[in-house]
Every structure is written in C-alpha cells, then in structure tokens.
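# Breakdown of the fold
What follows is the residue order along each chain.
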Amino acid sequence: MSLSDGPSDDDDEFPSTLPTDGSHSGSIRKGCDPLAQTQRSKLQHRRARINQQINKEMRMRTGAENLFRATTNNKVKETVALELSFVNSNLQLLKEELEELNSSMDVYQTDRCTNIILLSPCLCLPSQDFICEHYGEDSFLYDKEIKELMELRQAMRTPSRNQAGLELLMEYYNQLYYLDQRFFSAQKNLGVHFHWYDSLTGVPSCQRALAFEKGSVLFNIGALYTQIGARQDRSATAGIDRAIDAFQRAAGAFNYLKENFSNAPSLDMSSPSLCMLVRLMLAQVQECVFERITLTTQDTHFTSQLRLAQEAARVSDVYLLVQQTMTQPLMKDYVPFSWVSMVQVKSEHFRALSHYYAAVALCDHMWEEEEEEAEKAFLQCHASVPAGPQLSQVLQDPEKRRKLGKAHLRRAVIRHEEAMRVHSLCKILRKMDILQDVLSVTHKRSLDKYSELDREDDFDEIAEAPEIQSHTHQKPDVIPPNFSTVKVTDIFQRLGPLSVFCARARWGPMRVICLNKREGGLGLTLRGDSPVLVAGVVPGGWAEEAGLREGDYIVAVDGKDCKWAKHGEVVHMLKSCSDRGVEISVVTLHSHDTQRRAVMLSLCSDKENTRHRLLSGAKGQSSASLLNWNRKKKREGSTITKRLGSAFSLSFGSIRDTEAMY
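Computed from a predicted model, the values in this text were never measured in an experiment. Sequence order sets the numbering: in each chain, residues are counted from 1 along the sequence as written. Since the coordinates come from a predicted model, pLDDT governs what is reported: local features require at least 70, and pairs of side-chain atoms require 80 or more to be given and counted, while whole-chain, interface and lining totals use all residues. Think of the side-chain values as coming from all heavy atoms in the structure, minus any hydrogens and water.

A few words now on the overall build of the chain. The secondary structure listing takes helices from DSSP runs of H or I that are at least 4 residues long and strands from runs of E that are at least 2 residues long, numbered from the N terminus. Helices and strands together make up the secondary structure of the chain, namely 21 helices and ten strands. Using a 1.4 Å probe on the protein chains alone, a residue whose accessible area is under 20% of its type maximum counts as buried, one over 50% counts as exposed, and one in between counts as partly exposed. By residue count, 53% of the 662 residues in the chain fall in the buried class. Any two residues whose heavy atoms approach within 4.5 Å at even a single point are treated as in contact. Taking contacts inside the chain between residues at least 6 apart in sequence as the whole, the part at least 24 apart equals 81%. To be clear on the numbers: accessible area is Shrake-Rupley with a 1.4 Å probe, and residue cover counts the displayed protein chains and nothing else. Total accessible area on the chain stands at roughly 30500 Å², and carbon and sulfur atoms take up 51% of it.

Listed below in structure tokens is the structure:
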C-alpha cells in the first residue's frame, strides 16, 4: 500500500523544461513528464472539487434535519424527508467517487516521477526586495542565485521514483534551512504563502510559515519511500529487502514529522494520521519479513512450519493494530474505506495462514521422541492452552495431532471466508484481480487440507483450536531520514557568512571609508575571519579620523568583496594599497548590546567555514532546523536564542584567533 503525494496548486504555472547540464554542483536537476504532472494536478483538483460538493451537501442535510425536527406540519415533514433522501443519495455517490479517486494509483505508479508540494511562485520578487532592503545590495547581482533556486524548486516538483529523486527532495529540504536563515525573520514577513493539498482528500491548506513547507517536503519524502517500496519485485529476496528498507524509511520520515512538527493545518499531517501511517508502514515491513521467510523456507520441518505460523500471526496482529487506529473518531471519516477494508482483509488473511501452517506442522511431520527442541517450540506456539490432553501428549499421539490440526484448519477456513467477505464488500478491492486470486487460492488450499484430514467415521466434536502466539525474528526499525547524506552549499552564500549576514541580524547601512597610508600604520586592529572585524581603533589615528569604528565588519576592499576572506587575505589587500590609499566598505552590526555582541560574534567567525560545512551535511537532523508552525512563545524564543546566541556563548579562551594592529 503506497501513499500519493500532495502537490501545490500552481502545477501548471512553471515551465516544463529544465537545464540538463552539470552546471549546478551537488544538485540533481531532473524534471519529468509534464503530462504526468498535469494528470496529478487534475486529480488533486477533482478531489478538492468533490470535497467542496460534499461540504455543500452536508450543510444542506444539516439544515434539512433541523427543519424536520422543528416543524410540526406533516406536509412539510414529508417534503423535507424526501429532500433528505435525495441529499443522502448524492452524498453517497460523491463519497464513492472520492474513494475511487483516493484509490487510483495509475498516475502515481509511473516509472518517471511524482508530484509534490512547492514554494509559492511569488517567492522570487519578495526575495529580490528583501536583498535590497535588508542586505542593502542590488538584487540584480543575485539573479543567478535566484534562478538556481527556482530551478531546484521546479525540479523537485517531479522527482524520479528512485534514490536520485529522494536526494533531490533532501537537497531542497536542506536548502530550506539556508532560506530560513537568509530571508525569514521574526520582525518581517515576506508575505509568501505555501500551499498544500491533502494527500487523501485534496482539501487545500495555505500558510506563510516556512516550517509548513518543511513539513510538506518531509511528508513527500515519506510518500516517495512508500511508492518505491510498493514497486519492488517481491518474488525474490533482494526485492523484498529493498521493500523492507523503503517502508522502514517511510515510517521514519512520517515519525520524524510527527515528533518535530505540531498543529498541522492539513489533516494528513496531523498526529493521529501520521501515527496511523507509521503503523501502516511497519505492518507492511512485517508482511515483507513473512514473505522473505516463506521464500527461504524450503523444508517442511516441524519447527520451520511453526515459525511461519508465528510470523503470520505477527503480521495479523500489526494489521489489526492499524485497523484499530483507522477506526478512531478522527480517522474514521478520513481514511478511505478501501484502505480500512484492505487492512482488515490482510489481518484476517494472515490469521488464517497462521492456523494453516500450524496444522501443516502437526499433520505433515513425522514425530520423533528425541526432538526436545521441537516440543519446546510447540509448547510456546499457542497463545493459550487448548482444551483436552496436554500438548506434550498430543505430540506423541498421531491421532491427537490430526484432530488438533483439523481444528486449526477449521479456524483457517473461517478466517479465509471472513477475509473474502470483507473483500467482496469493497468495490475498489473487487477490481484487484491479484488480491482476489490470492484469497481464493489460499482458501482452497485450506479446504483441501481439511478434506484430506476429514474422515467418514470422525463423529467427535472438533475442539476449538487456540490462537497462535505471534512472534517475529525481525522487528521493524523506524529509520529517520538522514539528511547528512546529501551535501549542499548555500545558494545565497555570496551574501556572506550566516553568522553575520542573516535575516535575524540587523546592521546599519554600508559605509565607504577612505584610508591613506601614514607613518605608524592605518591605526586599526583586525580580528577574525569571514568577515574580518575591526576589533579596535587607535585614538587620534587615521582610521578613527576617517570614520572607522570598533565593531565594524570589513565587507569589501577597493570594491573587491571580502565577506568570506581570511584574515591574512584582508591584511594583504590593505598592505598592498597604493599611495593614494584604500577604500574599505564596512557595516556595523546592531543588536541589544552592539559592541559586545559584535566582538563576541567575530570571535567565532573564523569557524564559520567549518560550521558551514557541518550544516551542509548534518543540519537536517539538528534541532535548529526543526520548526513548528505553531509553537509556544517560550519555545520559540529559546530556539531563536539558541540559533543566534550560540556564537555569543563562546568564551574568549576557547577561540583560536589572531589579532594584530596595522
């Protein structure tokens, strides 16, 4: 069972052609068939339209029911009752149509791509305005970076259904960290709206929080893993192993989203829904484990068949847990009926298989007295002690083994018939010929085995066989997404190191200082790297007379950008100036404690490159990159303090830095 992705509402507004050259280092730019993209867009719009019609009919039904209860006129009651019947009929038809759309996987199971959420297309203009207003630079100088961001966003809309597609999503998620640092501050909102269509109902949601976009990408990573897992060839162990890995990573993505994001405006990203999806993924992992054991178990040994019985019982239990989650009040009317039916069918089917394999172990194995290990396994196989003779005596008597095996087969047949009954009630499942064949074949196999054990003179009442104790030799793992595997570089790194040049920092306008050489030097003290800080100014010196102040950051020397320049490089440029002097472009950082914080911030600026590389790999798993779209104020304040204040908390003694006067 795989999950479709939720696209944005602007699927047809972007150009379908993407660059195919390798000009973008570390990035995978691979778009897909625009026709498939349009098909998914139409599917989501149909879902949204049907939901609007359902809501309209629900309002009409509520009004009619209120009128029916309020009126005492029998003629009016008859008219309202007729109207209610018509409305209920329309609602049933609309719900069936929506369920059919939710179960349609053709458009999502192509070999090429899948469609997902994306930043609103109006981000380009606000980014240009923010660069001009906040950073004080000409936005046209960053047209290349803005174009690269747009191309990445366009490419990740339709990632391929393989590892390259996953890396593309993770690359975009990692870039969102830098976008958040560069362009989103608590003081000013860019006015960018992020759109998301519910993956099951198509109901649109819209928010201005970048965390909503992060959550959307995480959801699509999980959805893409489910589709990769569902497409694997599970007739061989290699394909089963790949499916297990994909479903475990899907569970990890949904669980990561559930634990780190809260108060989602879309129901598919709510905590109950994500909990249901995690359990559903783990149930499919358990099913794959059973399939692998079935493939690798070639012998009909007693303990081998008991192991299959317990593994099948385990699969049944986990699907039963998923079914219970789906029938909770919030999920009952949200999860498609076909999903609930499929989960119930699988629970009944694997419970029947557990009884079948237990019967095979009892009836097809020639018992030997010295098999103590097999006897121990048999005693632990049942969830409760069956009525009648002790189990140790049953193993020694072939007739008693036959009767207990027959009782297990009877329960297997009953469970198979229940699975087929539930299957027949769902219109969507009836269209799945493969599922119908599997249920029919296993039911017939149990019936044939039961007939083989049945005797004409067997008039004894069949005892009730106990349930099989579930047990698995491989418990599913929830594997969280590892964003450190995808290395990215800040697209807007030319704006400067994030420790200084971020959206949350404030500084004065850029000033150009003209310095001339004099005896005794320029009269200033420099410290740190990227950018270099003016740590001190000699009183009465040329630097002070020219307007240079302690706490200024040097961003350019003679028009050459040096935000990322090392200490020695800036010193070399200053010393190599001509007799006419040198022009230094500086900015002053403003905060609650300007000078002190500026100095402290510069002390760790020489580590910016190292931290930059670490964030490129590991930031996806750090708490700093996790944002809730509706956090408590206390938590929000502490998070911002951590992100901006982590540099200020470093002691002077812990910084390996150089300071010199020039």
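Having seen the structure, we can now continue with the description.
Looking now at the packing of helix α14 (residues 398-425) against helix α16 (residues 433-453). Note on definitions: angles span 0 to 180 degrees between N-to-C directions of axes, and those axes are lines fitted to C-alpha atoms, for helices only across the stretch in contact. Remark: α14 packs on α16, axes separated minimally by 9 Å, with the N-to-C direction vectors making an angle of 155 degrees. Between α14 and α16, the angle is such that the two are roughly antiparallel. Seen along the crossing, α14 lies across α16 with a hand that is left-handed. Taking contact as the criterion, the partners of R402, G405, K406, L409, R410, A412, V413, H416, E417, A419, M420 and H423 in α14 are, on α16, L435, Q436, L439, S440, T442, H443, S446, L447, K449, Y450 and L453. Per-class residue counts for the contact of α14 with α16 are ten nonpolar, eight polar and five charged. By definition in this entry, angles of less than 35 degrees are roughly parallel, angles greater than 145 are roughly antiparallel, angles of 65 to 115 are roughly perpendicular, and the rest are oblique. The crossing is said to be left-handed when, going from far helix to near helix, the turn is anticlockwise and less than a right angle, and right-handed when the turn is clockwise. Each residue receives one of three labels: charged for Asp, Glu, Lys and Arg, nonpolar for Ala, Val, Leu, Ile, Met, Phe, Trp, Tyr, Cys and Pro, and polar for the others, Gly being one of them.

As a further point, take unusual backbone geometry. The peptide bond linking S530 to P531 adopts the cis configuration, its omega dihedral lying at -5 degrees. As for its position among the elements, P531 is in the loop between β5 (524-527) and β6 (532-537). One non-glycine residue with positive phi stands out, namely S530, at about 45 degrees. Looking at the element boundaries, S530 is found in the loop between β5 and β6. The backbone of D558 sits at a positive phi, close to 55 degrees, despite the residue not being glycine. Assignment of secondary structure puts D558 in the loop between β7 (552-557) and β8 (560-561). Taking relative accessible area as the criterion, D558 reaches 39% and is therefore assigned partly exposed.

Position of L515 among the secondary structure elements: in strand β4 (residues 511-515). By relative accessible area, which is 0% here, L515 ends up buried. Note: C-alpha distance between L515 and C577 (62 residues apart in sequence) is 9.6 Å. If sequence neighbours within four positions are ignored, L515 has contacts with L522, L524, W542, A543, A546, G581, V582 and I584.

What follows concerns the confidence of the model for the chain. Scored from 0 to 100, pLDDT records how confident the predictor is in each individual residue. With 74% of its residues at a pLDDT of 70 or more, the chain has an overall mean of 76. Between the elements of the chain, mean pLDDT differs from a low of 37, seen in helix α21 (residues 633-645), to a high of 95, seen in helix α7 (residues 237-260). Per-residue pLDDT stays below 50 along residues 107-122; that stretch engages in 97 contacts with residues further than four places along the chain or on separate chains. For the stretch residues 592-657, pLDDT sits under 50, and the model shows 137 contacts to residues farther than four places along the chain or on other chains.

Next up on the list: the pairing of strand β1 (residues 194-197). Of the two faces of β1, both are covered, the one formed by F194 and W196 as well as the one formed by H195 and Y197. Two strands form a pair only when DSSP identifies at least two bridges running between them. The pairing of β1 with strand β2 (residues 204-207) spans four bridges and is antiparallel. Residue pairing across strands places H195 opposite C206, the latter belonging to β2. With antiparallel pairing between neighbouring strands as the criterion, β1 and β2 make up a hairpin whose turn holds six residues, including G202 at a positive phi of roughly 80 degrees.

Right, let's get into the packing of helix α8 (residues 271-296) against helix α11 (residues 337-363). The geometry of α8 relative to α11 is characterised by a closest axis approach of 13 Å and an angle of 35 degrees between their N-to-C directions. In the packing of α8 onto α11, the handedness of the crossing is left-handed. On α11, the residues touching L277, L280, E287, F290 and T294 of α8 are W339, V343, K346, F350, L353 and Y357. A class-by-class count of the residues in the contact of α8 with α11 yields eight nonpolar, one polar and two charged.

By salt bridge we mean one thing: a side-chain nitrogen of Lys or Arg within 4 Å of a carboxyl oxygen of Asp or Glu. Applying the stated rule across the entire model yields 22 salt bridges. Note that E291 and R234 form a salt bridge whose closest N and O atoms lie 3.0 Å from each other. Highlighted residues: E291 in helix α8 and R234 in the loop between α6 (210-230) and α7, separated in sequence by 57 residues. Among the salt bridges present, the one from E287 reaches K346, with a minimum N-O distance of 2.9 Å. Note that E287 is positioned in helix α8 and K346 in helix α11, a separation of 59 residues in sequence. Through salt bridges with shared partners, one network takes in D317, E348, R351, R410, R411, R415, E464 and E467.

Nonpolar cores are built from buried Ala, Val, Leu, Ile, Met, Phe, Trp, Tyr and Cys residues. Side-chain atoms within 4.5 Å join them into one set. Formed by 116 residues in total, the largest nonpolar core has its most connected members in F183, I221, M326 and F492. With near-sequence residues (within four places) excluded, F183 lies in contact with S127, F130, I131, L190, F492, L495 and A503. Membership of the second largest hydrophobic core comes to 22 residues, among which are L524, V532, L548 and M573.

On to the pairing of β7. Counted residue by residue, β7 has six buried out of six residues, so it is predominantly covered. Bridge count between β6 and β7: two bridges; the pairing is antiparallel. Paired with V532 across the bridge in β7 is I554. In terms of strand pairing, β7 meets strand β9 (residues 582-590) through five bridges, oriented antiparallel. Paired with V557 across the bridge in β9 is I584. With two bridges joining them, β7 and β8 adopt antiparallel strand pairing. Of the residues in β8, the one forming a bridge with V557 is K560. Adjacent in sequence and paired antiparallel, β7 and β8 are bridged by two residues, among which D558 carries a positive phi angle near 55 degrees.

Another point: the side chain of E311. Here E311 is to be found in helix α9 (residues 302-326). The charged-residue count follows a simple rule in which Lys and Arg add positive charge and Asp and Glu add negative charge, with His and chain termini not counted at all. Buried within the structure, E311 lacks any salt-bridge partner; its nearest side chain of opposite charge belongs to R307, at an N-O separation of 4.5 Å. Side-chain atoms alone can form a polar contact between residues adjacent in sequence; in general such a contact is a pair of N or O atoms within 3.5 Å, and within protein one must be able to donate a hydrogen while the other accepts it. Within the structure, E311 has its side chain in polar contact with the side chain of T472 (distance 3.1 Å). Contact partners of E311, with chain neighbours within four places excluded, come to Q286, V289, F290, I293, H471, T472 and H473.

Stacked, tilted and edge-to-face are the three classes assigned to paired rings of Phe, Tyr and Trp, where Trp is represented by its six-membered ring and a pair needs centres within 6.5 Å; plane angles under 30 degrees give stacked, over 60 edge-to-face, the rest tilted. Applying the stated criterion across every chain yields a total of 13 aromatic pairs. Summarising the aromatic geometry, the rings of Y356 and Y357 are spaced 5.4 Å apart at their centres and angled 75 degrees between planes, so their arrangement reads as edge-to-face. We classify Y356 as buried; its relative accessible area is 10%. We classify Y357 as buried; its relative accessible area is 9%. One aromatic cluster is present, built from ring pairs that chain together F290, Y319, F350, Y356 and Y357. Remark: a charge is flagged as sitting over a ring if the NZ atom of Lys or the CZ atom of Arg is within 6 Å of the ring centre and within 35 degrees of the ring normal. Cation over ring: R445 sits above Y356, and NZ or CZ is 4.2 Å from the ring centre. One cation-aromatic arrangement involves K563 over F501; the distance from NZ or CZ to the ring centre is 5.5 Å.

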